[in-house]
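The lines below spell out each chain.
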Amino acid sequence: MRVRTRFAPSPTGYMHIGNLRTALYAWLFARHNNGQFLLRIEDTDRNRLVEAASDVIFKTLRDTGLDYDEGPDVGGDYGPYVQSERKEIYGKYAKALVDKGAAYYCFCTKERLDTLREEAQKEGKVFKYDKHCLSLSKEEVQRRLDAGEEYVIRQNIPLEGESSYDDMVYGHISVPMSDMEDNILLKSDGWPTYNLANVIDDHLMEITHVIRGIEYLSSTPKYNLLYDALGWERPKYVHLPPVMKDKTAKLSKRNGDASYEDLIAKGYLKEAIVNYIALLGWNGGGEQEIYSLKELAEAFSLEGLSRSPAIFDIEKLTWMNGEYIRKLSPEEFLEKAAPHFDKALTRDVDREKLARIIQPRLETLNQIEEKVSFFNEVPEYSTDLYFNKKMKTTPENSLDLLKEARAELEKVGDFTNDSLYQALLAVAQKNEVKNGRVLWPVRIAITGTEVTPGGATEIAEILGKTETLSRLDCAIEKLEKSL
RNA sequence: GGCUCCUUGGUCAAGUGGUUAAGACACCGCCCUCUCACGGCGGUUACAGGAGUUCGAAUCUCCUAGGAGUCACCA
């Protein structure tokens, strides 16, 4: 039997990390087993429609490399893949369930239900529908249907016994019938609820493994009753633990927590995001942490899935992102950095050289802006920056060496790192001081910044001779004034 | 509250009756070094608690505690 998995999100307009991870795992399982992966849009809640929300889903899956064999925008033999285009199908099966006695028409008004709910609450009990309409005779049901009365179709849960199944992650799950309610399968607006739609679609689309969030773990026995009533084979189930923001709260857009788009906007690489979330709830048993999508597909197995919630740790993602940035070829890096350079640089500098010194020092692409701003102009700074204990520099001793350094640098024809470094080293040697005594002040003088990506001579090379000397002159002048 | 599930360092986690209880992030220290970062080396920190089974328990059982999910004409 060929493995078929699916990702079935409801279109909300963004892709949150937990959802993406669910899609990833479903995709990985399918690919690992040489199976098929499909996308289905669950939009049966007509009150919550969001304009063009499916586009975010299409785009994110395409972006991350989670290609689907069937789906709304790619077609397939089991379509349509959007639930709102399958309305008649659900109605048909809802009625079939009624005929089999597994479901029944219910005409109870909102008012009656509310009253019941209130009473239950007063008595401190959990409200459960009382199967009131189950006792209606066939004739009466027909009469009220003919009269055009509003109705829903409810699942008829047996009064006794239990329903159980074996989850591939959580093991044996068993729920007493008495704890299940006669949930609504078909709403009064004619649309199905998730309870009905997921069962019909997963069966019709021949899904072999249902991979979804843990929120469905305890309602799955109810769905199984439907499979049984229809005489359908139940799929295998793989429920996934949640992705948490902290110990007690789930990651959610409502809390302002990062979505996939947000992370991309913050300068994270899609490969790093995918790699990181793959490890949030799964591991291959070994020590490998950096995985390409392809490697993940090869290594993925259900045994590696965790049962406990995982907290989303942006720090580790950030570290991993740094790893991915460093792995980029110079060309790839330049391409990804370009928009940030455009934004950050007002002066014309050699981007290739700049890229070379900055690439190993980045954890996110967005850090480029802050790290290169001194190339545009020297910021306001205090001459206190010339104090450095380890280098044994002070504004006073810096001034003298700066003057000497300036004179030497002016003589350098080949204005490259190596030559510059040699020139400054010579200054240090001549004065019989440690290298830092001259390198530190030079770097401060030409950057006005305590921490820079790269050393004095690397930066001088990028700045160029004219700019370097001019900055040195300004710095010398500034020092003289302050002393 | 009922039901279902979960519980190894701050975080992700390996571990399936006998281990000095891995590794990674973070943190700290040292080295490298023209600052920072990278890299290298080292360090602090964990089996939620309690009973039991067993020669022996992070691993099996039970209880307690904590947490999560669910209990909609949302998915």
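None of the values given here were measured: they were computed from a predicted structure.

Caption draft 1: Here's a closer look at the overall build of chain A. When helices and strands are counted, chain A shows 19 helices and eleven strands. Based on the C-alpha atoms only, the size of chain A along its principal axes is roughly 110 × 50 × 35 Å. For chain A, the proportion of its 483 residues judged to be buried stands at 50%. Of all intrachain contacts in chain A linking residues separated by at least 6 positions in sequence, the fraction that spans at least 24 positions is 73%. With an accessible surface of roughly 23,800 Å², chain A has 48% of that area assigned to carbon and sulfur atoms.

Caption draft 2: Representation of the packing of aromatic side chains. Applying the stated criterion across every chain yields a total of 13 aromatic pairs. Note on Tyr276 and Phe312: the rings are 5.5 Å apart at their centroids and 80° apart in plane angle, and the pair reads as edge-to-face. Here Phe312 lies in the loop between strand 11 (310-311) and helix 11 (314-327) and Tyr276 lies in helix 9 (residues 270-278), a separation of 36 residues in the sequence. Residues Tyr276 and Phe312 agree in their burial class; the two are buried. Note on Trp282 and Tyr291: the rings are 5.8 Å apart at their centroids and 65° apart in plane angle, and the pair reads as edge-to-face. On the basis of relative accessibility, which here comes to 3%, the residue Trp282 falls in the buried class. Judged by relative accessible area, Tyr291 falls into the buried class, the value being 6%. Joined through ring pairs, the aromatic side chains of Tyr25, Trp282, Tyr291 and Phe300 make up one cluster. One residue, Arg4, lies across the ring of Tyr78, its end atom 4.1 Å from the ring centre. Lying over the aromatic face of Tyr324, Lys327 brings its terminal NZ or CZ to 4.5 Å of the ring centre.

Caption draft 3: Structural detail: the nonpolar core. One finds Leu61, Leu305, Phe312, Phe333 and Phe375 to be the most contacted residues of the largest nonpolar core, which totals 103 residues. Tallying contributions element by element places helix 1 (residues 17-32) first for this core, with ten residues. Setting aside residues no more than four positions away along its own chain, Leu305 makes contact with Tyr25, Val169, Val238, Leu240, Gly281, Trp282 and Phe300. Ranked by size, the runner-up nonpolar core spans 44 residues in total, among them Cys106, Leu185, Tyr223 and Leu226.

Caption draft 4: The arrangement of the packing of helix 16 (residues 417-430) against helix 17 (residues 435-447) in detail. Remark: helix 16 packs on helix 17, axes separated minimally by 8 Å, with the N-to-C direction vectors making an angle of 125°. When the interaxial angle is binned, helix 16 and helix 17 end up oblique. Here the hand of the crossing between helix 16 and helix 17 comes out right-handed. Between helix 16 and helix 17, the residues in contact are Tyr421, Leu424, Leu425 and Ala428 and Asn435, Val438, Leu439 and Val442, respectively.

Caption draft 5: Geometry of the protein's contact with RNA strand B. Within the structure, RNA strand B sits among 61 residues, and Asn283, Glu289, Arg361, Tyr421 and Gly454 are positioned closest to it. Counted by atom, the contact set of RNA strand B within 4 Å of the protein is 71% sugar and phosphate. Tyr194 is positioned with one of its backbone polar atoms (N or O) 3.1 Å from a phosphate oxygen of RNA strand B. Looking at which element gives the most residues to the surface near RNA strand B, the answer is helix 11, with five residues. Per-class residue counts for the surface near RNA strand B are 23 nonpolar, 17 polar and 21 charged.

Caption draft 6: Local environment of the state of the cysteines. Evaluated as defined, the whole model comprises zero disulfides. In this structure Cys106 is not part of a disulfide, and its nearest cysteine sulfur, from Cys133, lies 3.7 Å away. In this structure Cys106 comes out as buried when scored by relative accessible area, which is 2%.

Parameters at a glance
Residues numbered from 1 in each chain as written. Chains lettered and ligands numbered in written order. Predicted model: local features only at pLDDT ≥ 70, side-chain atom pairs only at ≥ 80, totals over all residues. Heavy atoms only, no water. Helix = DSSP H or I, 4+ residues; strand = E, 2+ residues; numbered from the N terminus. Buried < 20%, exposed > 50% of the residue type's maximum accessible area, 1.4 Å probe, protein only. Contact = heavy atoms within 4.5 Å. Areas by Shrake-Rupley, 256 points an atom, 1.4 Å probe, with all protein chains shown as cover. Phe/Tyr/Trp six-rings, centres within 6.5 Å; stacked < 30°, edge-to-face > 60°. Lys NZ or Arg CZ within 6 Å of the ring centre and 35° of its normal. Core = buried A, V, L, I, M, F, W, Y, C linked by side-chain atoms within 4.5 Å. Axes fitted to C-alpha atoms, helices over the stretch in contact; angles between N-to-C directions. Parallel < 35°, antiparallel > 145°, perpendicular 65-115°, else oblique. Left-handed = near helix turned anticlockwise from the far one by under 90°. Near = heavy atom within 4 Å. Polar contact = N/O pair within 3.5 Å; in protein donor to acceptor, adjacent residues only side chain to side chain. Nonpolar A, V, L, I, M, F, W, Y, C, P; charged D, E, K, R; others polar. Disulfide = S-S within 2.5 Å.

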